[in-house]
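Descriptive analysis of the structure
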Amino acid sequence: MTRPVKRSSSPFAWVVAFIVIALIGFADAMYLAASHYIGALPTCTIVAGCDEVALSEYSTIGPIPVAVFGVLFYTVMLIASVVWLDVRNSVALRYLPFLTVPAFLFSMWLVYLMIFVIEAICVYCFVSAGTTTLLMLLSLHLRRQV
Amino acid sequence: MNKRFALWGGLVLALAIVAFVMVRLADEDPAQPMPEPVAVNSNSNAGADVSGNSNADILAPRPEDWTKGNPDASVVVVKYSDFQCPACRFYASMDDRLSEELADDVLFIYRHFPLRNFQFSRLASRYTEAAGRQDAFWGMHDLIFINQQRWSRSEAEPIFRHFAESLELDMEQLDRDLEDPAIEERIDAHYSEGQRLGVRAVPTIFINGEAIRSPNSLDAYRDLILSYK
């Protein structure tokens, strides 16, 4: 059995990458969630255009902003990564795709809504779609590695 | 044990720092800019009538302003707005409600700030100005905002003309006014003044000369206005 020998060293860099990307996603989602709750409505700016997406009915699921789900998702991703760094238990990484794949599909649905239904672009939402995609790819890779 | 503490402590710290920074950014980003000190050479295309004015002068009601409410009110709300901006549509409906509710206490003033990244903003401003010459500024303003989603993704002008007809405007007069460079100059003057005041986003609202953070609900907006009474 050669696999266990490779296990202990190689995933480390990937997990660090996973953490960095999850932190970027966390920051992005936290910004959107904070913008939702802090009060001021999104305005249209000279530089960045208009945050029409945040004004749309699709920016929330019931009373909860989509961004809050993003914050929770990235937090869980970070906790799972740190669990692995802490106890090096592969279970923490093996089950990541059960969250990252649905999150990726949900992100794609949001991108579809943005482009074809709301017909407006939200830069922060694209950042989140990007980080979710990368996390899914990394989690599938890690699942094979551990 | 130390490693474990460093890992989890580091995670908590990282999340706390990121959350703190993002909340601060979100708090500042949509905030309306405070009026900047008047820069003498800041805008070459500012109208001659405003080039020497202070920020307070710019924000004072003028006879030629489009207003709703009581001209002698102690509270003056000046709004720099764009007809194609969805947030402006939201605020237009709130202003409409509040101008009825608080008609005795407040004077609402509309100023143009057409963003260049919207296709029909300036055209909409021109139509409202031209309609204003036939005493129908607010009628055109309301129709344009209420139907914003309809015209902003299609050919806007035939729809604006339809609005003008429904307001029973003299269409020949309207066409002459639409061609009048004075209308364009007036919109430019509003825009330049807005820039001098530090307007970077629409709507930007000033109450009694003070830039405010855009309130997120009718109740918050009403309370804010009343706090200036």
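Values in this document were obtained by computation on a predicted structure and should not be read as measured data.

Cut-offs and rules
Residues numbered from 1 in each chain as written. Chains lettered and ligands numbered in written order. Predicted model: local features only at pLDDT ≥ 70, side-chain atom pairs only at ≥ 80, totals over all residues. Heavy atoms only, no water. Helix = DSSP H or I, 4+ residues; strand = E, 2+ residues; numbered from the N terminus. Buried < 20%, exposed > 50% of the residue type's maximum accessible area, 1.4 Å probe, protein only. Contact = heavy atoms within 4.5 Å. Areas by Shrake-Rupley, 256 points an atom, 1.4 Å probe, with all protein chains shown as cover. Salt bridge = Lys/Arg side-chain N within 4 Å of Asp/Glu carboxyl O. Axes fitted to C-alpha atoms, helices over the stretch in contact; angles between N-to-C directions. Parallel < 35°, antiparallel > 145°, perpendicular 65-115°, else oblique. Left-handed = near helix turned anticlockwise from the far one by under 90°. Pairing = 2+ DSSP bridges. Phe/Tyr/Trp six-rings, centres within 6.5 Å; stacked < 30°, edge-to-face > 60°. Lys NZ or Arg CZ within 6 Å of the ring centre and 35° of its normal. Polar contact = N/O pair within 3.5 Å; in protein donor to acceptor, adjacent residues only side chain to side chain. 1 Å grid on protein atoms, 1.4 Å probe; cavity = no way out; pocket = protein on both sides within 12 Å on 5 of 7 lines; lining within 4 Å. Points joined across faces, edges and corners; volume = space filled by probe spheres on them.

**Things to note about the overall build of chain B**
The secondary structure content of chain B amounts to 10 helices and six strands. Counting every position in chain B, which comprises 229 residues, the buried fraction comes to 50%. If you take every contact in chain B between residues at least 6 apart in sequence, the share linking residues at least 24 apart comes to 79%. Surface summary for chain B: the accessible area is close to 10900 Å², and the carbon and sulfur share equals 53%.

**Regarding the pattern of salt bridges**
Residues and elements named next belong to chain B. Enumeration according to the criterion identifies 15 salt bridges over all chains in this entry. Here Asp188 ties to Arg122 by a salt bridge, and the two come within 3.0 Å at their closest N and O atoms. Of this pair, Asp188 sits in helix H9 (residues 181–196) while Arg122 is found in helix H4 (residues 121–132), placing the two residues 66 residues apart along the sequence. In this structure, Arg133 engages Asp177 in a salt bridge whose closest nitrogen and oxygen atoms are separated by 3.1 Å. A residue pair is termed long-range when its members are at least 10 positions apart, and Arg133 in the loop between H4 and helix H5 (137–146) and Asp177 in helix H8 (residues 171–179) qualify at 44 residues.

**Side note on the packing of H4(B) against H8(B)**
Residues and elements named next belong to chain B. As a packed pair, H4 and H8 sit with axes 9 Å apart at the nearest point and diverge in direction by 125°. As the angle between them shows, H4 and H8 are arranged oblique. Once H4 is placed against H8, the crossing between them reads as right-handed. The segment H4 lies against H8, with Arg126, Tyr127, Ala130 and Ala131 engaging Leu174, Asp177, Leu178 and Glu179.

**Regarding the pairing of strand E3 (residues 106–112) of chain B**
All names here are of chain B. Burial runs high along E3: seven of the seven residues are buried. Because side chains alternate across E3, one face comprises the buried residues Val106, Phe108, Tyr110 and His112, and the other comprises Leu107, Ile109 and Arg111, equally buried. Relative to E3, strand E1 (residues 66–69) is paired through four bridges, and the arrangement is antiparallel. For Lys68, the partnering residue across the bridge sits in E3 and is Phe108. The pairing of strand E2 (residues 75–81) with E3 spans seven bridges and is classified as parallel. Directly across from Val78, in E3, lies its bridge partner Ile109.

**Notes on the packing of aromatic side chains**
According to the stated counting rule, one finds 19 aromatic pairs over all chains in the structure shown. Between the aromatic rings of B:Tyr80 and B:Phe113, the centroid separation amounts to 6.4 Å while the plane-to-plane angle is 85°, which identifies the pairing as edge-to-face. Residue B:Tyr80 is found in strand E2, and its partner B:Phe113 is found in the loop between E3 and H4; the two are separated by 33 residues along the sequence. Note on B:Trp151 and B:Phe160: the rings are 5.0 Å apart at their centroids and 70° apart in plane angle, and the pair reads as edge-to-face. Note on B:Trp151: relative accessible area 0%, which makes it buried. Linked through ring pairs, B:Trp66, B:Phe83, B:Tyr110, B:Phe137, B:Trp138 and B:Phe145 together constitute an aromatic cluster. One cation-aromatic arrangement involves A:Arg88 over A:Trp84; the distance from NZ or CZ to the ring centre is 4.5 Å.

**Here's the deal with the sheet that holds strand E5 (residues 204–207) of chain B**
Remark on secondary structure: sheet strands pair via backbone hydrogen bonds, oriented parallel or antiparallel. All names here are of chain B. Pairing is mixed in the open sheet, where five strands are placed in the order E1-E3-E2-E5-E6. The two strands at the open ends of the sheet, each matched to only one other strand, are E1 and strand E6 (210–211). Helix H3 (residues 86–101) contacts E1, E2, E3 and E5 of the sheet and is inclined by roughly 155° relative to E2.

**Topic: unusual backbone geometry**
Backbone geometry follows two general trends: most residues other than glycine have a negative phi, and most peptide bonds adopt the trans configuration. Residues and elements named next belong to chain B. Going from Val202 to Pro203, the amide bond is cis rather than trans, its omega being -5°. The topology assignment puts Pro203 in the loop between strand E4 (201–202) and E5. In this structure, Asn208 takes a positive phi of about 45° despite not being glycine. Checked against the element boundaries, Asn208 lands in the loop between E5 and E6.

**Things to note about the side chain of B:Asp95**
Residue and element names in this part refer to chain B. Summarising the element assignment, Asp95 is placed in helix H3. At 2.6 Å, the side chain of Asp95 and the side chain of Lys79 are in polar contact. One polar contact links Asp95 to Tyr221, side chain to side chain, over a distance of 2.7 Å.

**Focus: the environment of A:His141**
For A:His141, the location among the structural elements is in helix H7 (residues 123–145). Separated by 127 residues in sequence, A:His141 and A:Trp14 have C-alpha atoms that sit 8.6 Å apart.

**Examining empty space enclosed by the protein**
All names here are of chain B. Counted by the stated rule, this structure contains one cavity of 30 Å³ or more. Put simply, the largest cavity is a space of about 80 Å³. As for the largest cavity, its lining consists of Lys68, Val77, Lys79, Ala92, Asp95, Asp96, Ser99, Phe108, Ile109, Tyr110, Trp138 and His141. Secondary-structure elements contributing two or more residues to the lining of the largest cavity are E2, H3, E3 and H5.

Bear in mind that shape data such as this cannot, by itself, settle questions of function.
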